[in-house]
Each structure stands twice: as C-alpha cells, then as structure tokens.
2 protein chains.
Amino acid sequence: MGIFSKSCEYGLRAVVYVADASAEGRKVGVKEVAEEIDSPVHFLAKILQNLSKQGILSSSKGPGGGFFIEKSALNLSLAKVVEAIDGRSLFEGCAMGLKKCSAKKPCPLHDDFGMIRSKITKMLESQTIGDFRDNLLKVDYFLDT
Amino acid sequence: MGIFSKSCEYGLRAVVYVADASAEGRKVGVKEVAEEIDSPVHFLAKILQNLSKQGILSSSKGPGGGFFIEKSALNLSLAKVVEAIDGRSLFEGCAMGLKKCSAKKPCPLHDDFGMIRSKITKMLESQTIGDFRDNLLKVDYFLDT
DNA sequence: AAAATAAAGGATATACTTGTCTTTTATTGA
DNA sequence: TCAATAAAAGACAAGTATATCCTTTATTTT
Ligand code: FES
Ligand code: FES
C-alpha cells in the first residue's frame, strides 16, 4: 500500500472532483463521481457519506441532489480530509511501530523520519481543498487511470 | 497504518536486533528476537524466514543455531529490507492511487509528493544495515515499547 | 398523493494482513 | 544412534480493509 489507504486515495480524488463540480455550481451523484475518479461505486458511497458526516462535504437527497462542498469547507486543509478517513496515525505514529513516537524513547529512524513526517504534514496542512481545486485549472491533472 | 506495514515494522526492528547480536558474534533464536522487539513470535518467524530466503539475513538450524547476518549483508540498504517485505510501492506508487505515477499524467499531489518520496527513498537507501546498527551504540534507541 | 430520484444505512461478501499452531527437516552433541 | 534444538514449512484462525447489494429515508416533480 502507498502512504494512504485505498479509502483515502478515493476520498482525496473525490473531494477534488466534487470541489471542481461545486465551483461550477453543480451537485454530483455518487455514480458520476465514481466513474470520473475510477472507483467502486458503493464503496465510494460510504466514503462520501463519511466525509459528509464529518462536515467536509455536504449532500442533499432527492432529484437534483447530490454531493457538493460549501464555500467555507474550501478552506479546510487536505490534512482534515486525510484525518477524517485514515485518522492521525500518519501524523503521529512511529515509523518502526513503537507504541508511541517520542524523543525520550526514539526508534532508530526517529530523527530521519521526523523530518519526513513534518514534510508530509506540511504538504497536507498548507494546502486547502480550495487551493487543491484551483491547481486543476492551471495544469492538467488526472484523477483516473 | 503508518508508512510501513506491520510486517515491515517488525522486520526492521528485528534486523537491527539481529545485526547487533551478530556484531557480538551471537546467533539468536526467533523467540529471543520476538521478546526483545515485542512482536508475535510465530508471525516474526515468517518474516525472518522471508528475509533469510531473500539473502538479507542468514540462519542455521539445530542447537546453537539461529539467525545472524553476514558481514557482506551489512552493506545492504534499509531500502532492500523494506523492499523485501513491502515491495516497491512505497518507492514508486502514486500518492492518490492512480495506476501509475508519471509526470505525463500526474495526480494533483504529484509534485509535492515527489519530493517527499525522494526523501523517504534517500533515508532508506543512504543508510545501510551496518550504519543502522552502529547508531545503536551512539545513542540509546529503543526497539520495543 | 404518487412516482421518481438520490443519499443514508445496514447486512453481507471477498481479499488481504496479521497472528497462532502443528508438523517436518536439518543440525548438533551426547 | 538417539535426543535435543532450532529453523522451515504448512494449515488454519482472527481481524481489518475493500467491495457489493438491498432496504430505508428524505426530497423533488408531476
Ligand atoms: S519513535 Fe519511531 S519515529 Fe519517533
Ligand atoms: S501521479 Fe500521483 S504521485 Fe505521481
């Protein structure tokens, strides 16, 4: 597995896609999102429901309904998205699996890994969902394949 | 989960421990290693067997036997250990789960993540098992708790 | 009110990871 | 040769992540 779980990979891709649709004033259904980001429909549904429950995405039922993102939520960082799905282990856990990462009882990778972890954290915390979506406009990024 | 699988966390901890024992000319049994690095015995056995098969650790059966590491293997990088257990996905995979990470069809995290991935790679490739073990002598590192 | 739409929720299935247990094989030493 | 030791190998169990399906609830449109 990569650095994120599969759920989280789908979640991040979906958030960008929904944000992009919302910028055009469009609500999107699970099916459409799943097709566009190439993910299993029902599995993605759970993920989107979770993100809604956690206030990152919004949704409305019924005809014309679907998922969208509030203006205010565009200011949420990608870290919030990751945390909502994968929890905080990526930001806090020990690289070598010690129960707790600490400078008092460091594992042999602690120093090296500390820098890497802070870069990961920075990448995710310094970038908002809005920024993320804006980038789509500048360069051609891909969410499927 | 953290950046490595549980198997890999155990594997890295075990490799340091075995290397340390080997430096003292001692072969160690699975049971001892498992206790010292706080891991499930039988599960660790599989991991050590795998590392042996891949030529990273060595082993001998029978009384006085156990796991040890050849001088030459001390020059192997930590990346080799990780690769032997978790494969190359950490070094090659796309952060957002696209089938292939490439600059031609980049995901929105491609640029940021590229730097992080190369730092991870560097951390693991620039450090040999021998270096890793030597560090143990300088500072007090922990492999359990 | 009825029909259609779409998310929410729950139950279940599949796959993979992690963990345990037992048997077999090789080696050593008595 | 026999007993003891320790890794190797294989079968199995539990746990978690991933994936699918079906029913319920809320909303809109007719
Ligand atoms: S103790 Fe292992 S990364 Fe901090
Ligand atoms: S394409 Fe996603 S990290 Fe390179």
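Preceding this section is the structure that the text describes.
Treat the numbers as computed from the prediction; the structure is a model and nothing was measured. (Residues numbered from 1 in each chain as written. Chains lettered and ligands numbered in written order. Predicted model: local features only at pLDDT ≥ 70, side-chain atom pairs only at ≥ 80, totals over all residues. Heavy atoms only, no water.)

Visitor: What am I meant to see in the relation of the copies chain B and chain A here?
Guide: Copies of the same chain, two in number, are related to each other by a rotation about an axis and a translation along it. With an RMSD of 0.0 Å, the fit of chain B onto chain A corresponds to turning through 180° and sliding 0.0 Å along the axis. Such values leave the two copies arranged in the relation of a two-fold axis. Taking the C-alpha atom as reference, chain B places I3 of chain B closest to the rotation axis, 2.8 Å from it. (Least-squares fit on C-alpha atoms with pLDDT ≥ 70 in both.)

Visitor: I'm lost on the side chain of S22 of chain B in this one. Help?
Guide: All names here are of chain B. For S22, the location among the structural elements is in helix α1 (residues 6-23). Here the side chain of S22 touches I69 through a polar contact of 2.9 Å, landing on its backbone nitrogen. Residues in contact with S22, not counting those within four places in the same chain, are F68 and I69. (Helix = DSSP H or I, 4+ residues; strand = E, 2+ residues; numbered from the N terminus. Polar contact = N/O pair within 3.5 Å; in protein donor to acceptor, adjacent residues only side chain to side chain. Contact = heavy atoms within 4.5 Å.)

Visitor: What's the story with the interface of chain B and chain A in this structure? I'm lost.
Guide: Quoted interface sizes are often the accessible area lost when the parts come together. Contacts between chain B and chain A engage 38 residues on the former and 38 residues on the latter. In total, about 3,600 Å² of surface goes out of reach between chain B and chain A, with carbon and sulfur atoms giving 68% of it. In terms of surface lost to chain A, no three residues of chain B exceed M96, P108 and F142 of chain B, which account for 17% of the buried area on that side. In this structure, the connection of chain B to chain A is made through two salt bridges. For the interface between chain B and chain A, the tally reads eight residue pairs in polar contact (both at pLDDT 80 or more). Of all elements in the fold, only α1, α6 (110-125) and α7 (129-138) of chain B reach the threshold of two or more residues within the side of chain B that touches chain A. Broken down by element, the residue count for the side of chain B that touches chain A peaks at seven residues, all from α6 of chain B. Broken down by class, the residue content of the side of chain B that touches chain A amounts to 23 nonpolar, four polar and 11 charged. (Buried area = accessible area lost by both parts, 1.4 Å probe. Salt bridge = Lys/Arg side-chain N within 4 Å of Asp/Glu carboxyl O. Nonpolar A, V, L, I, M, F, W, Y, C, P; charged D, E, K, R; others polar.)

Visitor: For this particular structure, what's the right way to read the environment of K80 of chain B?
Guide: Inspection of the secondary structure puts K80 of chain B in helix α4 (residues 78-86). Along the chain, K80 of chain B and L124 of chain B lie 44 residues apart, while their C-alpha atoms are 8.2 Å from each other.

Visitor: What exactly am I supposed to notice about the nonpolar core here?
Guide: F4 and L109 of chain A together with F4, L109 and L124 of chain B are the most contacted members of the largest nonpolar core, which has 101 residues in total. Aside from chain neighbours lying at most four places away, what touches F4 of chain B is A95 and L109 of chain A together with E9, L12, V82, D86, L90 and L124 of chain B. (Core = buried A, V, L, I, M, F, W, Y, C linked by side-chain atoms within 4.5 Å. Buried < 20%, exposed > 50% of the residue type's maximum accessible area, 1.4 Å probe, protein only.)

Visitor: Explain the packing of helix α6 (residues 110-125) of chain A against α6 of chain B to me, please; I cannot follow it from the model alone.
Guide: If you want to describe how two helices pack, look at the angle between their axes and the distance between the axes. Following both chains from N to C, one finds α6 of chain A and α6 of chain B inclined at 170°, their axes separated by 10 Å at the closest point. Viewed along their axes, α6 of chain A and α6 of chain B adopt a mutual orientation that is roughly antiparallel. Of the residues in α6 of chain B, those in contact with D112, F113, I116, K119, I120 and M123 of chain A of α6 of chain A are D112, F113, I116, K119, I120 and M123 of chain B. Looking at the contact of α6 of chain A with α6 of chain B residue by residue, the classes come out as eight nonpolar, no polar and four charged. (Axes fitted to C-alpha atoms, helices over the stretch in contact; angles between N-to-C directions. Parallel < 35°, antiparallel > 145°, perpendicular 65-115°, else oblique.)

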